[in-house]
2 protein chains.
Amino acid sequence: MDTREEILAAARTTAQAHGYGGLSFRELAKQVGIKSASLHYHFPTKGDLAGALAQRYADDAERIFAEVLAASKDPAVLVRAFTDVLRLALVNDNRMCLYGILSAERAELAPEVRIEVERFAEVSVRFLAKALVLSGASEDVARARALAMFAAIEGAQLVARGRGDVAAYDAILATYRAAGLLP
Amino acid sequence: MDTREEILAAARTTAQAHGYGGLSFRELAKQVGIKSASLHYHFPTKGDLAGALAQRYADDAERIFAEVLAASKDPAVLVRAFTDVLRLALVNDNRMCLYGILSAERAELAPEVRIEVERFAEVSVRFLAKALVLSGASEDVARARALAMFAAIEGAQLVARGRGDVAAYDAILATYRAAGLLP
DNA sequence: ACCTGAACACCGTTCAAGT
DNA sequence: ACCTGAACACCGTTCAAGT
């Protein structure tokens, strides 16, 4: 793994726990074994680093969703795959989806970072909409419903993280399913 | 308004836009017209300031919910009053509910701040549960359902803020209602 | 191509000193 | 009781200098 990749990996872990504000060039440099001034050679500003991070995150999501779609056409399985990804972050030291934590810090983000954050939402909503279409929904109903599902799932993660309690995440999702919001 | 109240007011506005990390003693002091060292006289640490802020926020919510409950027993009206409070933050310069933004920054918060943040959730869920009981739900069903409603509404705000678009908040809530999650 | 030390203006915090 | 300037260790960023 080259230095740039090492920086991105360390930054991602930190960002999902402490957010954009919690990213420290000096701290990351220490982890990677270089000086903080050298980090600016790879990422000139903190905005550049966060932008690369968010871009990678959206790219990864796009790839994973494509793989899941290739493996199953069962709407419930597809949605479960999505909720499992966010669940994993909680289990992993009460971390958050990068989208959620960066959305909360939106005011601090450079425009190019915001664009990538929004792209993760777009990619996710498109994936969830595909699952709904597979269950027989029309394209535009699926789109609106998928956006609501995305918001509800992100909210469940936020609330569960606020309590430091994965069980709350599971309980909230179960209620969504019982109410008919999730398949 | 005394100095302490002026500090709290300025801090609340800033925190709902930029979060805990966005609070700057030097910036707040400038707004209030004192030196940053003086700010530490009123709030020894940033944790003390955030704690007072979160406590005030939960207290305010408790009072508002009591007033709303005294004015109406219509579940739809009560839930609407809750969603309107979060809507107001978005309209007000794309700000967030203090609960949502501080939950995202949970890892940065002192324990006494976390307790107050969790209290806001508790107060909110209790209020929403009362609305559900008024519509005929049993106590424990209402409790689980209220938690899911709270998470979904916070998520709607997070996603709408991520887009800088209040209309998304309204659209998502409309879908929640259509799905039967909200009354 | 990649790294570094030193400097800059920021930050929260402390403290001795003022009124 | 309330405020202040100065100092401390932090922060992102810049830059001239090294290999």
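Residues numbered from 1 in each chain as written. Chains lettered and ligands numbered in written order. Predicted model: local features only at pLDDT ≥ 70, side-chain atom pairs only at ≥ 80, totals over all residues. Heavy atoms only, no water.

1. With respect to the protein's contact with DNA strand D
Going by this rule: By convention in this text, a residue qualifies as near a molecule or strand provided that one of its non-hydrogen atoms is within 4 Å of it. Under this definition, polar contacts are N or O atom pairs within 3.5 Å; protein pairs additionally need one hydrogen-donor-capable and one acceptor-capable atom, and for neighbouring residues in sequence, both atoms have to be side-chain atoms. Counting from the N terminus, the helices are DSSP H or I runs at least four residues long and the strands are E runs at least two residues long.
Around DNA strand D, 16 residues are found, and the nearest of them are R26, H40 and K46 of chain A together with K35 and H42 of chain B. In DNA strand D, atoms within 4 Å of the protein come from the sugar-phosphate backbone in 56% of cases. Between S24 of chain A and DNA strand D, the recorded distance is 3.1 Å, taken from a side-chain N or O atom to a phosphate oxygen. Note that a phosphate oxygen of DNA strand D is positioned 2.7 Å from one of the side-chain N or O atoms of H42 of chain B. Of all the elements in the fold, those that place two or more residues in the surface near DNA strand D are α2 (25-32) and α3 (36-42) of chain A together with α3 (36-42) of chain B.

2. So, the packing of helix α7 (residues 111-134) of chain A against helix α8 (residues 139-163) of chain A
Residue and element names in this part refer to chain A. Rules: Only the contacting stretch of a helix is used when fitting its axis, a line to C-alpha atoms as for every element, and angles between N-to-C directions run 0 to 180 degrees. Relative orientations are named as follows: roughly parallel for angles under 35 degrees, roughly antiparallel for angles over 145 degrees, roughly perpendicular for angles from 65 to 115 degrees, and oblique for any other angle. In a left-handed crossing the near helix is turned counterclockwise from the far helix by less than a right angle, and in a right-handed crossing that turn is clockwise. Throughout, a contact is declared for two residues whenever any of their heavy atoms are within 4.5 Å. Each residue gets one label: Ala, Val, Leu, Ile, Met, Phe, Trp, Tyr, Cys and Pro are nonpolar, Asp, Glu, Lys and Arg are charged, and the others, such as Gly, are polar.
Interhelical geometry of α7 versus α8 gives an angle of 125° and a closest axis separation of 8 Å. For the element pair α7 / α8, the angle class is oblique. The interaxial crossing formed by α7 with α8 has right-handed handedness. Across the interface between the two elements, F120, A121, E122, S124, V125, L128, A129, L132 and V133 of α7 pack against E139, A142, R143, R145, A146, L147, M149, F150 and E154 of α8. Residue composition of the contact of α7 with α8, by class: 12 nonpolar, 1 polar and 5 charged.

3. Let's talk about the relation of the copies chain B and chain A
Counted only if it meets this: We superpose the copies by least squares over the C-alpha atoms of residues that have a pLDDT of at least 70 in both of them.
Superposition of chain B onto chain A requires a rotation of 180° combined with a translation of 0.0 Å along the rotation axis, giving an RMSD of 0.0 Å. Here the transformation between the copies is reduced to the relation of a two-fold axis. The position closest to the rotation axis in chain B is occupied by the C-alpha of G155 of chain B, lying 1.8 Å away. Of the residues that chain B buries at the interface, 100% are likewise interface residues in chain A, meaning the two copies contact each other through the same surface.

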